[in-house]
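Structural overview for review
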Amino acid sequence: MTDTIQRVEAGAVAVLAVVAVVTLYPAWWWMILAAFLVFDLSMVGYIRSARAGALTYNLVHNFALPAVVSVFALVAQSWSPIASTTLGVLACAWAFHVGVDRALGYGLKLPGGFTHTHLGVIGRVHGRDHRHSSGGQRRRLSVDRSRGHR
């Protein structure tokens, strides 16, 4: 139930980001789509290890940093409208990306591997789809235990 609430909230943030960019920066609305996959470059940490990948992914895939960038966009308005617009569009694109990812069930990564998230296991595990069906929490725990994780 809580994962559904978090997914709906994230979807609302994604919609808010679209409304904000269309309202505040109408000439730049397309940038949220053009930059969508750029934020997934944070997965590069998985080349080193699952733990490093989870760290780099989670640093980028949260709402705190886009919020900080949006504050800088507001502050920059008084001394540089160009910087303000650039930061504002970046913040909207970033929040949109995180919101869409979370709405689709791609949560913050756990060190156990890319498919282990705070919203449950994503993808197919042992031939079964484990994304957010009833009992998903129990399945995630049983999968974690079978791999030696708690």
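Bear in mind the structure is a predicted one, so any value in this text is a computation, not a measurement. (Residues numbered from 1 in each chain as written. Predicted model: local features only at pLDDT ≥ 70, side-chain atom pairs only at ≥ 80, totals over all residues. Heavy atoms only, no water.)

Side note on the nonpolar core
For clarity, the cut-off: As used in this record, nonpolar core signifies buried Ala, Val, Leu, Ile, Met, Phe, Trp, Tyr and Cys residues forming a set joined through side-chain atoms within 4.5 Å. Working definition: with a 1.4 Å probe on protein chains only, accessible area under 20% of the residue-type maximum means buried, over 50% means exposed, and in between means partly exposed. Secondary structure elements are taken from DSSP: a helix is a run of H or I of four residues or more, a strand is a run of E of two residues or more, and numbering for both begins at the N terminus. Pairs of residues are marked as contacts when any of their non-hydrogen atoms sit within 4.5 Å.
Counting residues in each nonpolar core, the largest one holds 19 residues, and the members touching the most others are V21, I32, F39, W94 and F96. If you list the elements that add at least two residues to this core, you get α1 (2–24) and α5 (81–103). By residue number, the principal contributor to this core is α5, which donates 9 residues. The contact partners of F96, leaving out residues within four places of it in the chain, are A14, A17, V18, I32, L33 and F36.

Section: the confidence of the model for the chain
Basically, it comes down to this: On a scale of 0 to 100, pLDDT captures the predictor's confidence in every residue.
Confidence along the chain averages 84 in pLDDT terms, with 82% of residues attaining 70 or more. No element of the chain has a lower mean pLDDT than helix α6 (residues 136–146), at 43, and none a higher one than helix α4 (residues 64–76), at 97. Per-residue pLDDT stays below 50 along residues 129–150; that stretch engages in 30 contacts with residues further than four places along the chain or on separate chains.

Things to note about the packing of aromatic side chains
Test applied: Each pair of aromatic rings taken from Phe, Tyr and Trp, with Trp reduced to its six-membered ring, is defined by centres within 6.5 Å and is described as stacked if the planes are under 30 degrees apart, edge-to-face if over 60, and tilted in the remaining cases. Placement of a positive charge over a ring is assigned whenever Lys NZ or Arg CZ falls within 6 Å of the ring centre and within 35 degrees of the normal to the ring plane.
Here the structure, examined in full by the defined rule, presents 5 aromatic pairs. Residues F39 and W94 carry aromatic rings whose centres are separated by 5.7 Å and whose planes lie at 20° to one another, so their mutual orientation is stacked. In this pair, F39 sits in the loop between α2 (31–34) and α3 (50–60) while W94 sits in helix α5, placing the two residues 55 residues apart along the sequence. Classification of F39 as buried rests on a relative accessible area of 10%. Aromatic pair Y57 and F114: ring centres 6.0 Å apart, planes at 85°, arrangement edge-to-face. Taken together, the residues span a long stretch of sequence, with Y57 in helix α3 and F114 in strand β2 (residues 113–117) at a distance of 57 residues. A network of ring pairs unites the aromatic residues Y46, Y57 and F114 as a single cluster. Between the NZ or CZ atom of K109 and the centre of the ring of Y57, over which it lies, the distance is 4.7 Å. A cation sits over an aromatic face here: K109 above F114, 4.0 Å from the ring centre.

Some words on the packing of α1 against α5
Selection criterion: An axis is simply a line fitted to the C-alpha atoms; with a helix, the fit covers only the stretch in contact. Between two such axes, the angle follows the N-to-C directions and lies from 0 to 180 degrees. Roughly parallel means an angle under 35 degrees; roughly antiparallel means over 145; roughly perpendicular covers 65 to 115; every other angle is labelled oblique. Here a crossing is called left-handed whenever its near helix is offset anticlockwise from the far helix by less than a right angle, and right-handed whenever the offset is clockwise. Residues were grouped as follows: Ala, Val, Leu, Ile, Met, Phe, Trp, Tyr, Cys and Pro as nonpolar; Asp, Glu, Lys and Arg as charged; and all remaining residues, including Gly, as polar.
Following both chains from N to C, one finds α1 and α5 inclined at 155°, their axes separated by 7 Å at the closest point. When the axis of α1 is compared with that of α5, the two are roughly antiparallel. Crossing angle aside, the handedness with which α1 passes α5 is left-handed. Residues R7, A10, G11, V13, A14, A17, V18, A20 and V21 of α1 form the contact with α5, whose participating residues are V89, C92, A95, F96, G99, V100, R102 and A103. Residue composition of the contact of α1 with α5, grouped by class: 13 nonpolar, 2 polar and 2 charged.

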